[in-house]
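# Descriptive analysis of the structure
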Amino acid sequence: MHEAQPQNQEPNEAGPSRRSVLWTAGAAGAGLGFAGLGSGPAAAAAPGAAGSAEAAAAPPRPQGRTMIGVPFERRSTVRVGIIGLGNRGGSMIDLFLAMPDVRVVALCDPVKDKVVKAAAKVTKAGQPAPAVYTNGENDFENLCRRTDIDFVYAATPWDLHFEMARTALLNGKHVGTECPLALRLDQLWELVDLSERTRRHCLQLENCCYGRNEMRVLRMAHAGLFGELLHGAGAYIHDLRGLMFDPTYYEGPWRRLWHTRLRGDLYPNHGFGPVANYMDVNRGDRAVRIASFGSQARGLAAYRKEHMPPGDPSWKESYIESDRTISLVQTAKGRVIRLEHDVSTPHPYSRINSLGGTKGLFEDYPERIYLEPDQNNDEWGDFGRYAEWDHWLWKEHANPPGGHGGMDYMLVLRLTQCLRLGLVPDFDVYDAATWSAPVALSDRSIKAQGAPQEIPDFTRGLWRKARPGMDSQKPAE
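Residues numbered from 1 in each chain as written. Predicted model: local features only at pLDDT ≥ 70, side-chain atom pairs only at ≥ 80, totals over all residues. Heavy atoms only, no water.

### Looking at the sheet that holds strand E10 (residues 336-342)
- Strands sit in the order E13-E12-E11-E7-E10-E9-E8-E14 across an open sheet of 8 strands; the sheet is mixed. Single-partner strands in this sheet number two, and they are strand E13 (368-371) and strand E14 (453-454).
- Where strand E7 (residues 229-237) lies against strand E11 (residues 354-357), 4 bridges are found, and the strand directions are antiparallel. When the sheet's bridge partners are listed, Gly232 is paired in E11 with Leu355.
- Sheet strands touched by helix H10 (residues 269-278): E7, strand E8 (287-294), strand E9 (325-331), E10 and E11. Its angle to E7, the strand with the most contacts, is close to 160°. (Pairing = 2+ DSSP bridges. Helix = DSSP H or I, 4+ residues; strand = E, 2+ residues; numbered from the N terminus. Contact = heavy atoms within 4.5 Å. Axes fitted to C-alpha atoms, helices over the stretch in contact; angles between N-to-C directions.)

### Quick word on unusual backbone geometry
- In this structure, the amide linkage connecting Tyr365 to the following residue, Pro366, adopts the cis form with an omega of 0°.
- Structurally, Pro366 can be placed in the loop between strand E12 (360-363) and E13.
- One non-glycine residue, Tyr365, lies in positive phi territory at about 60°.
- Its place among the elements puts Tyr365 in the loop between E12 and E13.
- Among the residues examined, Tyr365 registers a relative accessible area of 30% and is labelled partly exposed. (Buried < 20%, exposed > 50% of the residue type's maximum accessible area, 1.4 Å probe, protein only.)

### Some remarks on empty space enclosed by the protein
- This structure, assessed with the given rule, holds 3 cavities of 30 Å³ or more.
- Considering only enclosed or pocket space, the largest cavity measures out at about 60 Å³ in volume.
- Lining the largest cavity, in full, are Leu203, Leu205, Tyr210, Leu411, Arg414, Leu415, Pro425, Asp426 and Phe427.
- Per-element accounting of the lining of the largest cavity gives the leading share, 3 residues, to helix H13 (residues 407-421).
- Class assignment of the residues belonging to the lining of the largest cavity gives a composition of 7 nonpolar, no polar and 2 charged. (1 Å grid on protein atoms, 1.4 Å probe; cavity = no way out; pocket = protein on both sides within 12 Å on 5 of 7 lines; lining within 4 Å. Points joined across faces, edges and corners; volume = space filled by probe spheres on them. Nonpolar A, V, L, I, M, F, W, Y, C, P; charged D, E, K, R; others polar.)

### A closer look at the confidence of the model for the protein chain
- Counting all residues, the mean pLDDT for the protein chain is 89, and 88% of those residues have values of 70 or more.
- Here residues 1-36 scores under 50 on pLDDT; set against residues more than four positions off or in separate chains, the count is 114 contacts.
- Note that residues 38-56 has pLDDT below 50 and, in this model, 28 contacts with residues that lie over four places away or in other chains. (pLDDT = per-residue confidence, 0-100.)

### Description of the nonpolar core
- Among the nonpolar cores identified, the biggest contains 104 residues, and Ile82, Phe96, Leu107, Leu143, Tyr210 and Phe226 are the most heavily contacted of them.
- If we ignore the near neighbours within four places in the chain, the residues touching Phe96 are Val80, Ile82, Val102, Val104, Tyr153, Val412, Leu415 and Thr416.
- Counting residues in hydrophobic clusters, the runner-up holds 19 residues, among them Leu183, Trp254, Leu266 and Leu300. (Core = buried A, V, L, I, M, F, W, Y, C linked by side-chain atoms within 4.5 Å.)

### A few points about the packing of aromatic side chains
- Across all of its chains, the model carries 14 aromatic pairs by this definition.
- On the numbers, 6.2 Å between centres and 85° between planes, the contact of Tyr236 with Tyr349 is edge-to-face. Taken as a pair, Tyr236 in strand E7 and Tyr349 in the loop between E10 and E11 lie far apart in primary sequence, 113 residues in all.
- For the ring pair Tyr249 and Tyr250, a centre distance of 4.8 Å and an interplane angle of 90° mean the geometry is edge-to-face.
- Taking relative accessible area as the criterion, Tyr250 reaches 8% and is therefore assigned buried.
- The ring of Tyr267 carries Arg255 above its face, with NZ or CZ at 4.7 Å from the centroid.
- Across from the ring centre of Trp380, 5.1 Å away, lies the NZ or CZ of Arg368, which sits over that ring. (Phe/Tyr/Trp six-rings, centres within 6.5 Å; stacked < 30°, edge-to-face > 60°. Lys NZ or Arg CZ within 6 Å of the ring centre and 35° of its normal.)

And the structure:
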């Protein structure tokens, strides 16, 4: 499908059947019903009309009680089942095994070699051999039916997260997925409703919320150092061209195929999650609408021309995903959040990670800060001077193991701590749905020439009440 796609046509869903490609990396998007990507016709609310926006995106009737403020059940040992043991799941299992009082009970992946390697890690860590599920793409259902699992972790291609989270909830398990939680608004609503009905948490495990800089800025913002918050920015800017055309890194190659199906922001969560936390979105403020714009799609085709031999299967692909998407999210309090996505052009890695208020601002990549009265000469200050504001997790674990600068370790440490001690999780299904909604809505906005799209109120009005989030206090063991 090419750039001349009609505005009212949904993204291309052609491609190999999911059953023809292993889901550890298989053809994401194949067989998806994209009719549910957005909800209702494109609506451009008048500027500042927060009330009208909320009315236009009226939520469906609840099917259960809210999960806001609901703690996990306290337990002496956290028993985990892992679905997907590719690049992400195969590395995250090391962190689960490094946690005290955590047992990896079961593993699932249709690629048997991946399960064998992961199971060897479990026994090497001194734990009993895990149950294994390798009998096809639906064997995860049998893992979820086990009665000795407390938490299911899914690290599979994006389009499978919804099905796996849904199955885990229906089988009475708490569940966490990699991002995004789901790709369609109707799926997000279904997971919100299921979480409330089953009384089980459904989380999108956003590791970037646990970055050292992100947690320091969070605490500084909540202490008022930035004054009244006005704007922020987050992104996923990562040159993935080489990896997306690598025949072994993304088997399938599932991730590249999404660039033939959607034009919007494919991966908003890494940028949106931290900034939403700074602004207490769903905890006193709400993301109301999003307007998105996309550049031409040129990067992947140019890379293919230079690097891929004639006859490679990629030459059958037509890329429509915008090389750079830029979205503006407005909140109920009138704040603005800028989101960007670009994995198709040359660029150093960046998540932007910016926050501004009436007393100054922080910008990352590279980290720099300008806060009055500490800085007053139009020159950036040293962010290292504010280390006293580090979150207690980073004060206690200054040099954590694991990937992504230690944020993965902090995520698993805090998640399993909350499960073990019976604490309220740092974020919940309403956050997961909000952070994932831009996937569908940015695509719709771009096709509607930037018309704002209403972001559903997944909390059903409960966002107005302030409540704790990522800025947690150290718990008593």
